[in-house]
Amino acid sequence: MGSLSWEVIGVIDTEGDRAEWVFPAEPGAVRTARAAVRGQLHGWDLDCVSDLTTLLVSELVTNSLRYAAGPIGVRLVRPAGLGDPLLVEVSDPLPDLPHERAARLEDEHGRGLQLVAGSSRRWGTRPGVTGKTVWFELAVPH
């Protein structure tokens, strides 16, 4: 992860069953978040969900960049046991909770939450002390 450090505000934790990072609200955050998530999932031997997780994190970090002007947090929680999901959270300082909407064919934006809803086992949002978190769970194949 050393090569990522110049674009990461803080690596909160990457040991054990949780990994957390804080990225600046800058365009490079999407690329850096993808690399951090992919690397962590590889380290946990969860390559089976790496592509999908990385895609969904990219969508949510992009949404945060579009609407928020502060740091973006990404958190992964490794499944505790067989049949448990991978939990992924993306947080930003904007308190407005996002809503899934039906994008029209000609729309260039608006499909991120549709992807999350259609690809995850469960997903949701929750307000925080200074913003919000969008979370989703992915089933991990045996």
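Residues numbered from 1 in each chain as written. Predicted model: local features only at pLDDT ≥ 70, side-chain atom pairs only at ≥ 80, totals over all residues. Heavy atoms only, no water.

Peer 1: I keep staring at the nonpolar core and nothing clicks. Help me out?
Peer 2: Soluble, globular proteins show a tendency: their nonpolar side chains are buried together. Judged by nonpolar contacts, the single largest core of 28 residues is most densely connected at Trp21, Val57, Val61, Val74, Leu76, Leu86 and Phe136. Mapped by element, the contributors of at least two residues to this core are β2 (18–23), α1 (28–43), α2 (50–67), β3 (72–77), β4 (86–92), α3 (112–119) and β6 (131–138). With six residues, α1 is the largest single contributor of residues to this core. When residues no more than four places from it in sequence are discounted, the contact partners of Leu76 are Asp17, Arg18, Ala19, Trp21, Val37, Gln40, Leu41, Trp44, Leu87 and Val88. (Core = buried A, V, L, I, M, F, W, Y, C linked by side-chain atoms within 4.5 Å. Buried < 20%, exposed > 50% of the residue type's maximum accessible area, 1.4 Å probe, protein only. Helix = DSSP H or I, 4+ residues; strand = E, 2+ residues; numbered from the N terminus. Contact = heavy atoms within 4.5 Å.)

Peer 1: It is not clear to me how the pattern of salt bridges should be interpreted in this structure. Could you clarify?
Peer 2: It is possible for side chains bearing opposite charge to pair when their charged atoms get close. Tallied over the entire structure, the rule returns eight salt bridges. The salt bridge involving Arg38 is made with Asp51; its shortest N-O contact spans 2.9 Å. On the criterion of sequence distance, the pair formed by Arg38 in helix α1 and Asp51 in helix α2 is long-range, its members being 13 residues apart. We classify Arg38 as partly exposed; its relative accessible area is 37%. Asp51 gets classed as exposed once you look at its relative accessible area, which sits at 56%. Among the salt bridges present, the one from Arg122 reaches Glu137, with a minimum N-O distance of 3.0 Å. Here Arg122 is found in strand β5 (residues 122–128), whereas its partner Glu137 is found in strand β6, with 15 residues between them in sequence. Residue Arg122 is classed as partly exposed on the basis of its relative accessible area of 47%. (Salt bridge = Lys/Arg side-chain N within 4 Å of Asp/Glu carboxyl O.)

Peer 1: What am I meant to see in the confidence of the model for the protein here?
Peer 2: Close reading of the predicted structure is inappropriate where its pLDDT is low. Averaged over all residues, the pLDDT of the protein is 86; the fraction at 70 or higher stands at 81%. Confidence, read as mean pLDDT per element, is least for strand β1 (residues 10–13) in the protein (62) and greatest for β4 (97). (pLDDT = per-residue confidence, 0-100.)

Peer 1: Please clarify how the packing of α2 against α3 should be interpreted in this entry.
Peer 2: To characterise two packed helices, one gives the angle between the axes of the helices and the distance between these axes. Relative to each other, α2 and α3 sit at 145°, their axes nearing to 9 Å. The interaxial crossing formed by α2 with α3 has left-handed handedness. Across the interface between the two elements, Leu52, Leu56, Glu59, Leu60 and Asn63 of α2 pack against Gly112, Leu113, Leu115, Val116 and Ser119 of α3. Classifying every residue of the contact of α2 with α3 by side-chain character gives six nonpolar, three polar and one charged. (Axes fitted to C-alpha atoms, helices over the stretch in contact; angles between N-to-C directions. Left-handed = near helix turned anticlockwise from the far one by under 90°. Nonpolar A, V, L, I, M, F, W, Y, C, P; charged D, E, K, R; others polar.)

Peer 1: Mind showing me how you'd approach the pairing of β3 here?
Peer 2: For a regular strand, side-chain orientation follows a simple rule: the groups alternate between the two sheet faces. The element β3 is largely enclosed, with a buried count of five among its six residues. Pairing analysis gives six bridges linking β2 to β3, with the strands arranged antiparallel. Across the sheet, Trp21 pairs through a bridge with Val74, a residue of β3. For β3 and β4, the ladder comprises five bridges, and the chain directions are antiparallel. Pairing of Val74 across the sheet is with Val90, part of β4. (Pairing = 2+ DSSP bridges.)

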